[in-house]
Amino acid sequence: MLAYIVRRIGYGVLVLLGVNLATFILFFTVNTPDDMARLNIGGKRVTQEQITKWRVERGYDKPLYWNSGQQGSDQLTDTIFWERSVSLFKLDFGRADSESAGDIGHQVATRMVASLQLALPLFALQVIVSTLFALMLVMFRHTRLDFWGVVLCVLMLSISSLFYIIVGQFVFSKMLRLAPISGYAPGLDSVKFLLLPIALSLLARLGGEARLYRAMFLEETSKDYVRTARAKGLSEPEVLRRHVLRNALIPIITSAGSYLPYVFLGSLVFESFFGIPGLGAYVIDAISGQDFAIVRTMVFLGSVLYIATYIVIDIAYTWADPRVRLA
Amino acid sequence: MKPGEIGERRSPLQFERQGTRELVAEDFVYAIKRHATTRITTPIYGIFSEYVIGLKAYGDLIKAEDAKLRQGLDPASLDKPFLDFRRWPLAGASAPDKHTLRIRIAGKYPQWKYWMAMTFLAPVPWEADAFYAQPGMAANAMSLDIWPVGTGPYMMAEYVQDRRHVLKRNPNYRGVAYPCEGTPADRAAGLLADCGKPTPFIDTLVFQIEKEAVPLKAKFRQGYLDVPQIERTDDGVEFQVDMQDSESVKREYTEKGFKFPSTVDLSSWFVGFNMLDPVIGRGDTPEQQAKNRKMRQALSIAIDWEEFVRIFPKKGGEPAMGPLPAGLFGSRHGTVEGANPVTHVVQDGKAVRRPLADAKRLIAEAGYPEGRDARTGQPLVLNYDFYGQATPERKAEFDWMIKQFAKIGVQLEIRATDNNQFQDKVRKGKHQIFWSGWLADYPDAENFLFLLYGPNAKSRSDGENTSNYENPAFDKLYAQLKLLDDGPEKQKVIDEMVRIAQEDAPWTFGYFPYASGAYQPWLHNAKPSIMVRDTGRYYRVDSAERARLQGEWNRPVWWPMILIGLVLIAGIAWGRHAFRRRERLNARGEVVA
């Protein structure tokens, strides 16, 4: 297994290099360092001298990919792309491009707490509620409850998460006045602010997840070992819990695991709409403010988390199904 | 402090020792000198260096001294050695004694008084500058930008980026008295009731950062925000539009007693023509210049701004007849003399937009009868460069603008771009027709008319004249205007400049927007203004009334949740029953015991 993990990490590094290059090319196709400087300095009467100073201070005064003014390997290394990439792989995220945004590492560490407060309970609840809902539908399979349950799932997954947010805020915050419409407070005070986004986010994902899990469970219920379990006299809940659930774990792990990076990176939409100062909101602000330093850091961290998550998922397969061997 | 000594401290309040001292004239001198460094973003250095004696040379000196100080250091390093401006005197700014400030200006510059009232001349204590120059400060986001040091009514107590800023009453504040003078309308509105009382009235100002408009508005309606956005003056317009759109909203706002006082803002929105453009611009030959001018005049008549402000109420305002909004010395806005003779005629003492026939005549004289080239018969197609998100509201504005041009047969192509591309086009002079606006820096006609001053042309000298308009007569008058005090002579010069601008029509003068604040009934002394930015210190809050109304407006409604709970319990009970029944079914579908 160790060789497998080492190999996967090796592939991961290549993926990171590719993602870094793609982010760089895409960003600088749309923006030039001068554009970034103008936007960040902002206001009226921006002079070329101020722009030049801004670029020098942030290291954007060099050529993007190739420095023909240098000799030898410096032609490659004395460029924005090289310097930014090397610092990123050393996990030195540096400062944000905007004047007041400060140290990115500190911001990531601080904001991750807010993101985790939203995403961790959501992740756990999502797995539990989706699984229970799917199991219930399977238990009542081929009945009206199952039929209408599936219809509900399709309906729920067809609706955009923005709709859940807008309707949820309108009903629970404006009409019923049961929860704050947005905001955040650190520590335990955060509970009252997080309840609504967690509930709405759960609803937004429940349809898709439950329908997928139901299909997995149904596939298992038609297998011989399930028939054997029933023939032994086990009750339906016992069959579902001890046999079907266990054997359907692999797709569940894949589906739930793929959500793990968001647990750390936060939700772009929910954080923005509910005023939660997490990493999702950080990315949205960075994109609108053309803050390349933050954008590339967050894309890089996202890629690292994806790669790490899929390695963990692969390892989890061996736990869920002893027949799986990683080689 | 040595490198690394700062640790995890991210606020000056986390340091053991705090201190204060008396404000002295040297602090102002230091602030003026500080404009000379490129270390800080100082948009006004260009103007200051033209007037403050010796500031231009001082800038070169500081640049050289800064280079010496930073020799061998990484230019991208956040830590920069302290640049102590006290070491180098500036001829134009000095402090003969502790309480006397002497600023020497080259020539006459009446607008200087406005700059002195703005943040650009806020005093800077050298100790604060030295404090923030210590290693690790910038990396830990500690600077004068975020943690200012001054003599104002409030001081920063908490700064959480993108979430919350808290200002606390400055215990050492000198206590400026609440004003006793105002307009009759101010008196009638009770805005002078606190005359002579020491400000500020509020101990703590809490700013919550709201990124989305929907929660922002909802929180105001629920009473959780005293003011939606303290720095903006257009919130009230939106709330008033909501009231016009819905009777129930109008009832709610009226019952809750929300206040939306309005005034015409010292800002202007317009559609500009790039004068470097061969079709719509100045033109190369006198004949071409006359033709192009007629085309711009025709379009200025065709674009019906009276209709615009009527059908786009969120952009509410008063149609402009020239570049100067009301409230400035020299502006004739709202008077018969102020009517734009190119676009309007005076009928029964009112300015009425000229008939479309006039615009059609002018476009024909410009060589495009019915909007077609008289020589080739090809339709005249003009390009409208616009940046920003294409929201449904904007789409309606684009459609309206296309319709205005179509009235005289001209086709308008919308070239929607992002800000970067738009700015790039403007710098290269490749734009043709564009939407633009100006928020006054200070209440002087000069601050609007300089937008049409030739040497300020954007595409040539990166100034603020985005139209690249250049007229020697106008420029000559502008040079005079800069030196004139308010009086008949200045009025004459302004009138002549406005007349030239109206005649040349480098802009189709759009509208002067309304400034309208949104305030809770318990918030007193609130008046929208883009000039007065320290409104917070005049506010007075009736906190008992606030608590009472917040409670009244936000009583939770629990019964739907109880109903949902009961339905869930009933559903679970039914499910349990159905499941048990199913478990007892035999192969023939009969329930067995």
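Structure first, text after, so check above.
Residues numbered from 1 in each chain as written. Chains lettered and ligands numbered in written order. Predicted model: local features only at pLDDT ≥ 70, side-chain atom pairs only at ≥ 80, totals over all residues. Heavy atoms only, no water.

## Quick look at the overall build of chain B
Consideration 1: The secondary structure content of chain B amounts to 20 helices and 16 strands.
Consideration 2: A principal-axis box enclosing the C-alpha atoms of chain B has dimensions of 105 × 70 × 60 Å.
Consideration 3: Within chain B, counting contacts between residues at least 6 apart in sequence, those at least 24 apart form 67% of the total.
Consideration 4: Total accessible area on chain B is roughly 29600 Å²; 54% of this is exposed by carbon and sulfur atoms. (Helix = DSSP H or I, 4+ residues; strand = E, 2+ residues; numbered from the N terminus. Contact = heavy atoms within 4.5 Å. Areas by Shrake-Rupley, 256 points an atom, 1.4 Å probe, with all protein chains shown as cover.)

## Quick word on the interface of chain A and chain B
Consideration 1: With 50 residues of chain A at the interface, the matching set in chain B holds 59 residues.
Consideration 2: Interface area, chain A with chain B, both sides summed: about 4400 Å², of which 50% is carbon and sulfur.
Consideration 3: Taken together, the links from chain A to chain B amount to 5 salt bridges.
Consideration 4: Taking the shortest distance from any N to any O, the salt bridge between Arg111 of chain A and Asp162 of chain B comes out at 2.5 Å.
Consideration 5: Class assignment for the residues of the side of chain A that touches chain B results in 20 nonpolar, 14 polar and 16 charged. (Buried area = accessible area lost by both parts, 1.4 Å probe. Salt bridge = Lys/Arg side-chain N within 4 Å of Asp/Glu carboxyl O. Nonpolar A, V, L, I, M, F, W, Y, C, P; charged D, E, K, R; others polar.)

## Considering the packing of helix α17 (residues 472-481) of chain B against helix α18 (residues 488-504) of chain B
A packed helix pair is summarised by two numbers, namely the angle formed by the two axes and the spacing between the axes.
Residues and elements named next belong to chain B.
Consideration 1: The contact between α17 and α18 brings their axes to 10 Å, and the two run at 155°. It follows that α17 is roughly antiparallel to α18 by the angle criterion. In this structure, α17 crosses over α18, and the sense of that crossing is left-handed. In this structure, α17 contributes Ala473, Phe474, Leu477, Tyr478, Gln480 and Leu481 to the contact, and α18 contributes Lys490, Val493, Ile494, Glu496, Met497, Ile500 and Ala501.
Consideration 2: Grouping the constituent residues of the contact of α17 with α18 by class yields 10 nonpolar, 1 polar and 2 charged. (Axes fitted to C-alpha atoms, helices over the stretch in contact; angles between N-to-C directions. Parallel < 35°, antiparallel > 145°, perpendicular 65-115°, else oblique. Left-handed = near helix turned anticlockwise from the far one by under 90°.)

## Digging into the side chain of Asp242 of chain B
Residue and element names in this part refer to chain B.
Consideration 1: Note on placement: Asp242 falls in helix α8 (residues 235-245).
Consideration 2: A polar contact of 2.6 Å, which involves the side chain of Asp242, links it to the side chain of Lys217.
Consideration 3: Ignoring any residue separated from it by four or fewer positions in sequence, one finds Asp242 in contact with Lys217, Val249 and Tyr253. (Polar contact = N/O pair within 3.5 Å; in protein donor to acceptor, adjacent residues only side chain to side chain.)

## Some thoughts on the nonpolar core
All names here are of chain B.
Consideration 1: Judged by nonpolar contacts, the single largest core of 47 residues is most densely connected at Leu55, Tyr58 and Trp115.
Consideration 2: Elements with a contribution of two residues or more to this core: α1 (25-34), α2 (45-51), α3 (55-69), β1 (93-97), α4 (112-116), α5 (126-132) and β3 (154-160).
Consideration 3: A total of 5 residues in this core trace back to one element, the largest contributor, which is α1.
Consideration 4: In contact with Tyr58, not counting residues within four places along its chain, are Lys33, Ala36, Phe85, Trp88, Pro89 and Leu90. (Core = buried A, V, L, I, M, F, W, Y, C linked by side-chain atoms within 4.5 Å. Buried < 20%, exposed > 50% of the residue type's maximum accessible area, 1.4 Å probe, protein only.)

## As for the layout of surface pockets
The method is simple in principle: a probe with the dimensions of a water molecule rolls over the atoms, and the space it marks as empty is what remains.
Consideration 1: Its volume calculated, the second largest pocket comes out at about 1600 Å³.
Consideration 2: Within the residue set of the lining of the second largest pocket, elements represented by two or more residues are α6 (104-139), α7 (144-158), α9 (190-221) and α11 (236-247) of chain A together with α20 (559-583) of chain B.
Consideration 3: Looking at which element gives the most residues to the lining of the second largest pocket, the answer is α9 of chain A, with 12 residues. (1 Å grid on protein atoms, 1.4 Å probe; cavity = no way out; pocket = protein on both sides within 12 Å on 5 of 7 lines; lining within 4 Å. Points joined across faces, edges and corners; volume = space filled by probe spheres on them.)

## Overview of empty space enclosed by the protein
All names here are of chain B.
Consideration 1: For the coordinates displayed, the defined rule picks out 5 cavities of 30 Å³ or more.
Consideration 2: Approximately 50 Å³ is the volume found for the largest cavity.
Consideration 3: Lining the largest cavity are Phe308, Tyr384, Phe386, Glu397, Phe398, Met401 and Trp435.
Consideration 4: Going through the elements one at a time, β11 (381-387) and α13 (392-406) are the ones with two or more residues in the lining of the largest cavity.
Consideration 5: When residues in the lining of the largest cavity are grouped by element, the largest group, 3 residues, is from α13.
Consideration 6: Within the lining of the largest cavity, the residues separate by chemical class into 6 nonpolar, no polar and 1 charged.

## Brief notes about a nonpolar patch on the surface
Residues and elements named next belong to chain A.
Consideration 1: On the surface, Leu21, Ile25, Tyr65, Trp66, Leu76, Trp82 and Val86 cluster together into a nonpolar patch covering about 620 Å² of accessible area.
Consideration 2: Elements supplying a minimum of two residues to the nonpolar patch: α1 (2-30) and α5 (80-89).
Consideration 3: Within the element layout of this structure, Trp66 appears in the loop between α3 (48-58) and α4 (74-77). (Patch = residues over 30% accessible without salt bridge, like charges linked within 9 Å, V, L, I, M, F, W, Y side chains within 5 Å.)

## Structural notes on the pairing of strand β2 (residues 100-103) of chain B
Consideration 1: For β1 of chain B and β2 of chain B, the ladder comprises 3 bridges, and the chain directions are antiparallel. In the strand pairing of β2 of chain B, Asp97 of chain B is matched with Thr100 of chain B. (Pairing = 2+ DSSP bridges.)

## Things to note about the pattern of salt bridges
Consideration 1: Enumeration over the complete set of coordinates arrives at 61 salt bridges over all chains.
Consideration 2: For Glu83 of chain A, the salt bridge goes to Lys62 of chain A, with nearest N and O atoms at 2.6 Å. With Glu83 of chain A in helix α5 and Lys62 of chain A in the loop between α3 and α4, this residue pair connects regions lying 21 residues apart in the sequence.
Consideration 3: On the accessibility criterion, Glu83 of chain A (32% relative accessible area) is partly exposed.
Consideration 4: Its relative accessible area of 25% is what places Lys62 of chain A among the partly exposed residues.
Consideration 5: Measuring nitrogen to oxygen at the nearest pair gives 3.6 Å for the salt bridge that ties Arg353 of chain B to Asp304 of chain B. Taken together, the positions of Arg353 of chain B in strand β10 (residues 350-353) and Asp304 of chain B in the loop between α10 (286-302) and α11 (305-311) put the pair 49 residues apart, joining distant regions of the chain. Residues Arg353 of chain B and Asp304 of chain B agree in their burial class; the two are buried.
Consideration 6: Among the charged side chains, a network of salt bridges with common partners joins Asp35 of chain A together with Asp424, Arg427 and Lys428 of chain B.

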